[in-house]
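One letter stands for each residue in the lines below.
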Amino acid sequence: MDTCIAPEPGAGMNAFFMAKGIAIVGASDDITKIGGRPIYFLRKYGYGGTIYPVNPRGGTIQGLPAYACLADVPQAPDMAVLAVPASAAVQALQDCADRGVRGVVVLSSGFAEAGPEGAVLQAQMVAIARKHGMRLLGPNCLGIISVAQGVIGSFSIILEQSMPHAGHMGIVSQSGNIGSYVVQNVARKGLGVSHFIATGNEADIDVADGIAALAEDAQTRLILCCMETCRDAGRLTRALDLARQKNKPVVVLKIGSTDQGQAAAASHTGALASSDAVIDAVFRRYGALRVDSIEALLELGHAASILLPGGLPKGNRITVLAASGGFGIMMADATVKAGLALSTLEQSTKDRIRQVLPLAGVNNPVDATAQVSARPEVLFGMLSALMEDDNADVTQIFLSLALYNPRLRSVYMEALRNIRASYPDRLLVVTSQGPADAVKEINALGIPVFAGIDATAQGLAGLIRMAQLARLGAAPRYQDIVESLEEGAFRNEYTAKKALAAAGIAVQDETMAASADDAVQAACRMGFPVVLKIASADIAHKTEIGGVVLNLGDEQAVRAAYGQIMQAAGTHAPAARLDGILVTPMAKDGIELIMGVSRDPVFGPVVMVGTGGIYAEILQDVAVQTAPISEDEAHAMIRSLKLFPILDGARGQPKADVPAAAQTLARLSQFACRYARNVAEIDMNPVRILPEGQGAVVLDALLIPTNHAV
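All of these numbers come straight from a predicted model, not from anything done at the bench. (Residues numbered from 1 in each chain as written. Predicted model: local features only at pLDDT ≥ 70, side-chain atom pairs only at ≥ 80, totals over all residues. Heavy atoms only, no water.)

**Student:** Just checking my understanding: could you explain the sheet that holds strand S8 (residues 143-146) for this structure?
**Tutor:** Sheets are built from strands paired through backbone hydrogen bonds, the pairs being either parallel or antiparallel. One open sheet holds the seven strands; their spatial order is S9-S8-S11-S10-S12-S13-S14, and the pairing between them is mixed. The sheet is open, and its two borders are formed by strand S9 (151-153) and strand S14 (288-291), each paired with just one other strand. Neighbouring strand axes in the sheet, compared pairwise and without regard to direction, differ in orientation by 15 degrees on average. (Pairing = 2+ DSSP bridges. Helix = DSSP H or I, 4+ residues; strand = E, 2+ residues; numbered from the N terminus. Axes fitted to C-alpha atoms, helices over the stretch in contact; angles between N-to-C directions.)

**Student:** What should I look at first to understand the pattern of salt bridges in this one?
**Tutor:** Two side chains carrying opposite charge are able to pair once their charged atoms lie near each other. The full count for this structure, using the stated rule, is 35 salt bridges. Of the charged contacts, one joins Arg688 and Glu592 as a salt bridge, the two residues approaching to 3.0 Å between their closest N and O atoms. With Arg688 in strand S28 (residues 679-689) and Glu592 in strand S25 (residues 591-600), this residue pair connects regions lying 96 residues apart in the sequence. Its relative accessible area of 28% is what places Glu592 among the partly exposed residues. Each of Arg130, Arg135, Asp204, Asp206, Asp209 and Arg235 takes part in one network of salt bridges that share partners. (Salt bridge = Lys/Arg side-chain N within 4 Å of Asp/Glu carboxyl O. Buried < 20%, exposed > 50% of the residue type's maximum accessible area, 1.4 Å probe, protein only.)

**Student:** Can you walk me through helix H19 (residues 555-572) in this structure?
**Tutor:** Count 3.6 residues to each turn of an α-helix, and residues three or four apart come out pointing the same way. With 18 residues, H19 ought to run about 26 Å at 1.5 Å a step, and its terminal C-alpha atoms sit 26 Å apart, in line with that. Listing the buried residues of H19 in full gives Val558, Ala561, Tyr562, Ile565, Ala568 and Ala569. The arc enclosing the buried residues of H19, seen along the axis, measures out at 135 degrees, which places them on a common side. Residues of H19 that are exposed and angled more than 90 degrees away from the buried face: Gln556, Gln567 and Thr571. Elements that come into contact with the buried residues of H19 comprise strand S21 (511-513), helix H18 (516-526), strand S22 (530-536), strand S23 (548-552) and strand S24 (578-585). The backbone nitrogen of Gln556 lies 3.3 Å from a side-chain oxygen of the residue at the head of H19, namely Asp554. (Expected span 1.5 Å × (residues − 1). Arc of directions from axis to C-beta. Contact = heavy atoms within 4.5 Å. Polar contact = N/O pair within 3.5 Å; in protein donor to acceptor, adjacent residues only side chain to side chain.)

**Student:** How should the environment of Gly100 be read in this particular structure?
**Tutor:** Looking at where Gly100 falls in the secondary structure, it is placed in the loop between helix H3 (86-99) and strand S6 (103-106). Since its relative accessible area comes to 40%, Gly100 is described here as partly exposed. Spatially, the C-alpha atom of Gly100 lies 51 Å from that of Thr456, the residues being 356 residues apart in sequence. In contact with Gly100, other than residues within four places in its own chain, are Ala76 and Pro77.

**Student:** Explanation requested: the pairing of S25 in the structure shown.
**Tutor:** On any regular strand, side chains alternate: one points to one face of the sheet, the next to the other face. For S25, a buried count of eight out of 10 residues is recorded, marking the element as mostly surrounded by other parts of the structure. As judged from the six bridges shared by S25 and S28, these two strands associate in the antiparallel manner. Opposite Glu592, over in S28, you have Arg688 as the bridge partner. Looking at chain direction, S25 and strand S26 (residues 604-611) are connected through eight bridges and run antiparallel. Its bridge partner lying in S26, Gly596 is registered against Met608. Linking S25 to S26, which pair antiparallel, is a turn of three residues.

Here it is as structure tokens:
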């Protein structure tokens, strides 16, 4: 076996989930110690397998026979938990391998997180695990809990009071404390957990393993992931792909961002394509739903767990209902701000509402007035009308104080029970702050409850996005050759555009001039007006030194511009190597985009498109995605720009050739993948998008090699 190759994501995780025997190495009688707590929890919550405490002193530990070493254990356990000092962990892991243990949890700290010596110990453990086909969780982790199986390889304080209920929500977290917080709050909401995995240092098992294992797990319907960083792009994307294929939605709380050294980026592209934007794009492409807070993770996870499988919104048309016109307006505002649409009610629906409540406001938002809570049949009649309206995908009802009043609570509960029974396939959500037992009762009907108006709107937007992501197709993968681009292509704009043109990317007819006479001859051949630009391997941003002169209409202007540019280069970049002056036709009118590629340290080539020209970095109107991208993905990226309405002919302007722009962007992504060995960044700025049917043309380009010093 090759000890350097990591197993496929999720491989071997059943050794933890379904462990039929568990050894605790470094076992203790003291239940406050790391070596004592797993034994105590296993016994407290009725683990059905055999527990093997291992301690050199032998005897009994917490009432169980203890073994002096793993070799003395009568039967090979599926899982071992190491609670020994880092200095003893390598030998303990070797003992596990010799005894045939399939999965090991290393709770101990003092490894890579502690410095170079700890990193050496961690590497030794990985080598042992890979050699013997054994999976290693940790080190420096909070371990694993498989609720239904009673498997506990953890010392988390969340287990001191109670074990979470068994259920369908799987949780994987790089941070043990954050993951524990999520588990505890999920349990407080009355939801069940399938498995909890805290990956710690991720020497072997990482978040991708957790996601993939939960995707394959029959108990799990929804995966919550708390993630600080991604160490291996391929493993993460394969795991997310698997979860999507298995219809297991993944909700990710991604905290922090990788420092890519953006301040040192040599191109506009490098400055604009931040690492956080890249991970965001990866999640979108592979069907994971990213949230920005732990509260959103819990709210969305809670609602989704109630609706899954099969109950997610079919669209974004929302009907809002309140007993107050003011609250209805607030709900409508929040709905629209969240990017959702207010449904347009059918006339028959309005007529039915008036039959039930003649004074009700029948437009959306629906003002039910206080009379809606007079009797259960009144609320049922109004909700029935809304449930049967095919113009709406979701109905939202706001309950401000009603659930705190025993009489009103009984009215609402009876109506909600009858509505759920009569319309089991129609989506209804409630906005209410409680009380907790009432919320739990409504949740038990299969109706999600959100605590606030804004939280409801954001939660619905998340659920709708989750449903959309589930319908994604497989992401494109580059399957052609990977090679190095010839070194000459990096020399200047002229050589860069020659290389891009060979890949099918449209550039202008250009000539390199070594003298003013050459420039004039080229301009006469092309036809006026023309543009002159300095060509140099040492001048990346030509406009900043006065190295570009536009719209030259005759021979005299060309001669003057040639001298002006050479003088500017001598003044502002005296040490620069000058290759000549580039002469090119003045481009036709159009809309300017920037397109480019940067290299993410984890995900590799990343393609970017945005509002172009000299204000690209100021406007920050960009979309990114890992390369390669399809033309459909390129279209979607361009449509996401704030600039897109202008490309699409806003205010009667002619439409731009967006299909040509998308084709250019897709071909650029293929170019980046083909030459990934030595192309670090590509900057095409501006790319002029001509009127519809006339194409797109690159006006300036910069190629930066991987060995470029900035």
